[in-house]
Amino acid sequence: MHSANKPFQARVAANGSFLSIKINNIKLLDYWGLGMDNAVDNLFEALFALTDLRVLLRETAPLHKLSAEQQMQAREALARAKVALSKLEEELQE
Amino acid sequence: MKIAGNIPVREVEENFINIQPIQAAGRLTAEAMKALIAYGDGYSTCDQCRKPFRLDKITKPPIAEFHSELSRFLNMDEARVTPGARRAFQAVCLALVEKGDTVLVSALGHYTEFLAVENAKAIVREVPTNDLNIVTGDAVAQKIEEVTREQGKSPALVMLDHFDYSLANEHDVAGAAKAAHQYDIPILYNGAYTVGIKPVDGKALGVDFVVGSGHKSMASPAPSGVLATTSGYADTVFSTTQMIGDVTGRQFGVKEVQMLGCTLMGGNILAMMASFPTVRRRVEGWGEYVTKSNYVVDALLSIKGNMCVSEYPRKHTLSKVDTTGSFDTVARIHKRRGFFFSDELKQRGIVGAFSGATRAWKLNTYGLSWDQIRYVADAFKEIAGKYGLL
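Throughout this document, residue positions are counted from 1 along each chain, in the order its sequence is written. To read the labels, note that chains go from A and ligands from 1, taken in the order they are written. Reporting of local features is limited, given that this is a predicted model, to residues whose pLDDT is at least 70; pairs of side-chain atoms are given and counted only at 80 or more, and all residues count toward the totals for whole chains, interfaces and linings.

Caption draft 1: Here's a closer look at the interface of chain B and chain A. C-beta atoms are first placed from the backbone for all residues, and any pair lying within 7 Å is then listed as a contact. Taken together, the 21 residues of chain B in the interface contact 20 residues of chain A. The element best represented in the side of chain B that touches chain A is helix α2 (residues 30-39) of chain B, accounting for seven residues. The residue classification treats Ala, Val, Leu, Ile, Met, Phe, Trp, Tyr, Cys and Pro as nonpolar and Asp, Glu, Lys and Arg as charged. All others, Gly included, are polar. Grouping the constituent residues of the side of chain B that touches chain A by class yields 13 nonpolar, three polar and five charged. A helix here means a DSSP run of H or I that spans at least four residues, while a strand means a run of E at least two residues long, and both kinds are numbered starting from the N terminus.

Caption draft 2: Up close: the sheet that holds strand β14 (residues 360-364) of chain B. All names here are of chain B. The antiparallel open sheet is built from three strands, whose spatial order is β11-β12-β14. What marks the edges here is a single partner per strand, and that holds for β11 (307-308) and β14. Here, any two strands with at least 2 DSSP bridges between them count as paired. Sheet topology note: the strand β12 (residues 318-322)/β14 ladder contains five bridges and is antiparallel. Note on β14: the bridge partner recorded for valine 321 is tryptophan 361.

Caption draft 3: How the structure looks around helix α12 (residues 286-301) of chain B. Residues and elements named next belong to chain B. By this rule, a helix spans an expected 1.5 Å times one less than how many residues it contains. Across its 16 residues, α12 extends 22 Å between first and last C-alpha, which sits within 8% of the 22 Å expected from 1.5 Å per residue. Residues with at least 20 neighbouring C-beta atoms inside 10 Å of their own are called buried, those with 12 or fewer are called exposed, and the rest are partly exposed, where every C-beta is derived from the backbone. Along α12, the positions that sit buried rather than exposed are Tyr289, Lys292, Ser293, Val296, Val297 and Leu300. Around the axis of α12, the buried residues are gathered within 135° of arc, so they sit on the same side. Away from its buried face by more than 90 degrees, α12 exposes Gly287 and Glu288. The arc in question is formed by the directions pointing from the helix axis toward the C-beta atoms.

Caption draft 4: Up close: the sheet that holds strand β5 (residues 102-106) of chain B. Residues and elements named next belong to chain B. With mixed pairing, the seven strands of this open sheet are ordered in space as β4-β10-β9-β8-β7-β5-β6. Each having just a single partner strand, β4 (78-82) and β6 (123-127) make up the two edges of the open sheet. Neighbour-to-neighbour, the strand axes of the sheet open up by a mean angle of 20°, direction not taken into account. Strand direction decides the pairing type here: strand β7 (residues 157-161) and strand β8 (residues 187-190), joined by four bridges, are parallel. Looking at β8, one finds that valine 158 is bridged to isoleucine 187. Contacts from helix α5 (residues 111-119) reach β5, β6, β7 and β8, with the element oriented near 175° to β5. Each axis is a line fitted through C-alpha atoms, taken for helices only over the stretch in contact, and angles between the N-to-C directions span 0 to 180 degrees.

Following this line, the structure appears as structure tokens:
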């Protein structure tokens, strides 16, 4: 897929933190052109990952029996949320 | 779970298959939900609003570009976002219609078309449907002639729903446009039930205005909508203010009168923009959604006594069915009366059918997967079997 067509895009710094986040090519987090707070980036990343999971629940209502592909998507979304929350926890304790 | 105070979390879409007739195609995409999270603050679009200080000129985030894409999407020349389709009807009526003028609407036209005409102090006249509940181009021509004969002047505007809210029958917009233009009358295409779910080509239809509803058919929050027009009408409907304050001498030159300046200034437009790539793709899959709609309607028709009130086979995902001869016979003797049917559906994880209705009622299957479609169809048959209706 061409990068411009990806619904979710993130630029990641060498230390693993997000420099910018785009949804459907709309730049959400760094359009001020300033470096973003990692805690804020991770907060949004966690919320967005959980939003993907929310949509998956909608697509599989009412039984929520997930296909193999949907199970993989769910695992991926949960992993993204966990990583982001873990980083957020670290950020806020520094 | 509560959000705050007594405001509950809405879990309808997560826990149930929702076949509510007006909610189906307004369900948000994941991207729209994310945009709401990030842009929910009041004037969030205005962070980098620069001269000439108008919503459709903002480049960061790319709202100006979105407006261009919207007009291309509908094959029209200019587009603006509006707070719902109704505000677009209102804008066109206020721009084109004089006090006492007549505006033609369909006999199956939406009530907000009536209100928009009344708001412009004009009068509605209805174009009747034929025996099949369809508005034809000929019927529009006949009504124009009738009004012109009676009043000595032709109607100022024709408004026609492509698919109406009541039966979701397809009406002859291209024929109506041809008829209206023969009498030099502009025509507005009400695409509340098409723009965002099926391809719409305004120029091919020959219409002067295309109106869509973001919250009804473009996977966007309410209120949101679109008004697109031709270059010939853009200056009229998007006219800018000429007013000058008599004390201060203030002028607001670039602000558009019928839009009342900026329209969607926060999360709504960003959510609409975030859904747009999906919306643009999904209209190409309209045929499959119609096939799914027919699958469910066919399941209902397999139950003895049921009828499809809408045109059949279905050309839309919204349908009106009559179950007086089946589920209503149960309702007449059931202790829960008509609520037995919605109870049975809810027990199976399906909501959105009007509670208590077992005679004529509407459903919309837009957006459901094949698994969900089969599940809904089987549920209807299962309920019928339980009560000996098969």
